[in-house]
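# Commentary on secondary and tertiary structure
So the chains spell out like this:
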Amino acid sequence: MSSLSLYDTLTRTTTPFSPVIAGKASIYVCGATVQAAPHIGHVRSGVNFDILRRWLIKSGYDVTFIRNVTDIDDKILHKAIHEEMPWWALAMKYERAFSAAYTALNVAPPTYEPRATGHITQMIELMQLLIEKGAAYAPGNGDVYLDVRKLSSYLTLSRQKLDDLQPAADADEVNKKDPRDFALWKAAKEGDPSWPTPWGPGRPGWHLECSAMAHAYLGETFDIHGGGLDLVFPHHENEIAQSESAGYGFAKRWMHNAWVTQSGEKMSKSLGNTLQVAEILKRVRGIELRWYLGSAHYRSMLEYSEAALDESATAFRRIEAFLHRSVEIIGTLPTPFISSGFADAMNDDLAVPTALASISESLRTGNTAITDGNKALIVQSANEIRGALEVLGCDPFDATFAQSGGEDLTGALDGVIQLALTQRAAARERKDFAASDQIRDGLSALGITIEDTAQGPRWSISRSEGE
RNA sequence: GGUCGGGUGGCCGAGAGGCGAGGCUCAGGACUGCAAAUCCUGCUACACGGGUUCAAAUCCCGUCCCGACCUCCA
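Presented here is an overview of the structure given in this document. Model, not experiment: these values are computed from the prediction. Within each chain, residue numbers correspond to sequence positions counted from 1 in written order. Chains carry letters and ligands carry numbers; both start at the beginning, A for chains and 1 for ligands, and go up in the order they are written. Local features are withheld for residues below a pLDDT of 70 in this predicted model, meaning they are given only at 70 or higher, and side-chain atom pairs are given and counted only at 80 or more; totals for whole chains, interfaces and linings count all residues. Here the side-chain values reflect all heavy atoms present in the structure, with hydrogen atoms and water set aside.

## Quick word on the protein's contact with RNA strand B
Near RNA strand B there are 58 residues, and of these W206, G228, D230, K266 and M267 occur at the shortest range. The protein-proximal atoms of RNA strand B, defined as those within 4 Å of the protein, are 58% sugar or phosphate. In protein, a polar contact means a hydrogen-donor-capable atom and an acceptor-capable atom, both N or O and within 3.5 Å, with residues adjacent in sequence counting only if both atoms are side-chain atoms; elsewhere, any N or O pair within 3.5 Å suffices. Measuring from a base nitrogen of RNA strand B, one finds a backbone N or O atom of M267 at 2.5 Å. Between RNA strand B and the protein, one listed contact pairs a base nitrogen with a side-chain N or O atom of E311 at 2.7 Å. We define proximity as follows: a residue is near a molecule or strand when any one of its heavy atoms falls within 4 Å of that partner.

So this is what it looks like as structure tokens:
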């Protein structure tokens, strides 16, 4: 079997994955700033890195996966005033909305999910270290800044030159040594929450938390740091600046997922073109949305449209239908198996679209095997497909997606439908097709689809638009 | 101004010097009493202009267009 290679934003190349500690993989992914309900761009990131995590686990790695929650920042404070609730209540409200979205999409909970406000101590320790090393300074106004000119590796991730950067419009020329120095810590303002520090009360700057928490949970050096493409600058550059100035090895590899776009433009709150997960889930099921978001390569823009989403859901339902049919024929759930075609694709920087082609092959083989009554081949195809879907987080037999509480009802319903089907079979037997079609149409009107297969008629509950 | 991605068939979406990715839609066929499902066949594309090469969607030069980042962003 091939071995895993992954793209690295820092070197812009795809290289073999070799972890810091053999057999283990440590990952830190920047999670959400919980200041609004999640849109599908947010969860795309969640899905992409969940697929990475699942593939690493399937490949035998012991994975530690950290995804943080930024629960204190300017936007949260502003939003809290607007929504007339305490900032911490607002943060919790949206943190729960994100958790619900992740759950609906079968994004596994991180090994640890640290909140920024829970790690103020680690942030203060990191700032002290940075000041001791001469990398940061506290000008006395309560702020703490990082001295970016001291660090030669600054901006290597985004490949920019310090002097080419446009200085921030609101740069503090009085206290900062250089307008491009960024705040590790912000002095308390009237009415804002604050925590005591040796430099006065204040609250963390955005970047500090990730350096502090990555260090707290993963140590000085870890394997992969991930996040959305828009975090490359400034967030990840600043994380590198903080962590390397502290003497940490920090992330060995950087991975960034691309956008979900609409009309070619990035989905973002400021553009007002966001599609909330909760809204999309009224149109398709969570497993279908996940299939859609996961089906494009993680480094490619995904141009959202309802048509594309529907198309994707249609394709997924075909695969799902085959698995259900195979279970009806074989009598047991498929045993997940990873085909070499699927593995080769995934090992090539998670080439999911190519991996999907291998699923299509198995699907065709499997459907043909059903027609031919070749049980061994049905089993093999179903096993391969389930193995692939499991890695993609779209296994219809996964407990997350299983229909709950329907067992008894389905059994009863099956009895009733079988009665009707017996009548229909009798009508067909005597060539009374008007009567048999009446039964089929009647069931169809109730949302029950009848298909006459080689193994006899089968029924399923049909899904209609907007269900 | 600086940095970085893109432009592929009706649509979505891979690939990155030679071997028609795949899916969806549509059309035709097989199967079926008819459907549905399934399978088969068809629709053969790489923004434009040059160049390199035996061979270019892929490499080089130029042009056009779209998008992202440059201190809120997944």
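## Describing the nonpolar core
Judged by nonpolar contacts, the single largest core of 107 residues is most densely connected at I40, L56, L289 and M346. No fewer than three residues from each of domain 1 (5–257) and domain 2 (283–294 + 303–392) sit in this core. Non-local contacts of M346, meaning those with residues more than four positions away in its chain, are made with L4, I51, W55, A351, V352, A355, V391 and L392. Grouping buried Ala, Val, Leu, Ile, Met, Phe, Trp, Tyr and Cys residues that are joined through side-chain atoms within 4.5 Å yields what is termed a nonpolar core. Buried residues are those whose accessible area, probed at 1.4 Å on protein chains only, stays under 20% of the maximum for their type, while exposed residues exceed 50% and partly exposed ones sit between those limits. By size, the runner-up hydrophobic cluster in this structure holds 15 residues, among which are I66, L231, A251 and W254. Where each domain starts and ends comes from a domain assignment, either automatic or drawn from a database. The criterion used for residue contact is that any of the two residues' heavy atoms lie within 4.5 Å.

## As for the sheet that holds strand β3 (residues 24–29)
Whether two strands pair comes down to DSSP finding at least two bridges between them. The helix count covers DSSP runs of H or I at least four residues long, the strand count covers runs of E at least two residues long, and both are numbered beginning at the N terminus. Spatially, the four strands line up as an open sheet ordered β4-β3-β9-β10, and their pairing is parallel. Bordering the open sheet on either side are β4 (62–67) and β10 (250–257), each of which pairs with just one other strand. Each neighbouring strand pair of the sheet contributes to a mean axis angle of 25°, computed without reference to strand direction. One ladder, built from six bridges, connects β3 with β4; its direction is parallel. Along β4, the bridge assignment pairs I27 with F65. This element, helix α5 (residues 208–218), spans β3, β4, β9 (221–228) and β10 of the sheet and lies at about 160° to β3. For helices, the fitted axis covers only the stretch in contact; all axes are lines through C-alpha atoms, and the angles between them, taken along N-to-C directions, range from 0 to 180 degrees.

## What about the environment of I417?
Checked against the element boundaries, I417 lands in helix α13 (residues 407–429). Not counting residues up to four positions away in its chain, the partners in contact with I417 are I448 and W459.

## Section: helix α6 (residues 232–245)
Here the expected length of a helix is defined as 1.5 Å per residue gap, with one fewer gap than residues. Here α6 contains 14 residues, and its C-alpha end-to-end distance of 18 Å stays within 8% of the 20 Å for a straight helix at 1.5 Å per residue. Within α6, 11 of the 14 residues are buried, which leaves the element mostly enclosed by the surrounding structure. Inspection of α6 places V232, H235, H236, E237, N238, E239, I240, A241, Q242, S243 and S245 among the buried residues, and these make up the whole buried set. For α6, the elements touching its buried residues are α4 (120–132), β6 (144–146), β7 (182–187), α5, β9 and β10. Just past α6, the residue G247 takes up positive phi, approximately 95°.

## What about the packing of α4 against α5?
Closest axis-to-axis distance for the α4/α5 pair is 9 Å, and the angle between their directions is 100°. With respect to each other, α4 and α5 are oriented roughly perpendicular. On α5, the residues that touch Q122, M123, L126 and M127 of α4 are L208, E209, S211, A212 and A216. Across the contact of α4 with α5, the residue classes break down as six nonpolar, two polar and one charged. Roughly parallel refers to an angle under 35 degrees, roughly antiparallel to one over 145, roughly perpendicular to one between 65 and 115, and oblique to any angle outside these ranges. Gly is placed with the polar residues, together with every amino acid not listed as nonpolar (Ala, Val, Leu, Ile, Met, Phe, Trp, Tyr, Cys and Pro) or charged (Asp, Glu, Lys and Arg).

## Some details on empty space enclosed by the protein
Cavity means a closed set of points on a 1 Å grid over the protein atoms alone, one where a 1.4 Å probe fits but cannot get out, pocket means an open set with protein on both sides within 12 Å along at least 5 of 7 lines, and lining means a residue has an atom within 4 Å of a point. Grid points are joined across faces, edges and corners, and a volume is the space filled by probe spheres set on the points. Tallied over the entire structure, the rule returns four cavities of 30 Å³ or more. The space that makes up the largest cavity amounts to roughly 60 Å³. Along its surface, the largest cavity is lined by G31, A32, V34, R67, N68, V69, E95, F98, S99, Y102 and E113. Sort the elements by how many residues they give to the lining of the largest cavity and helix α3 (residues 87–104) lands first, with four residues.

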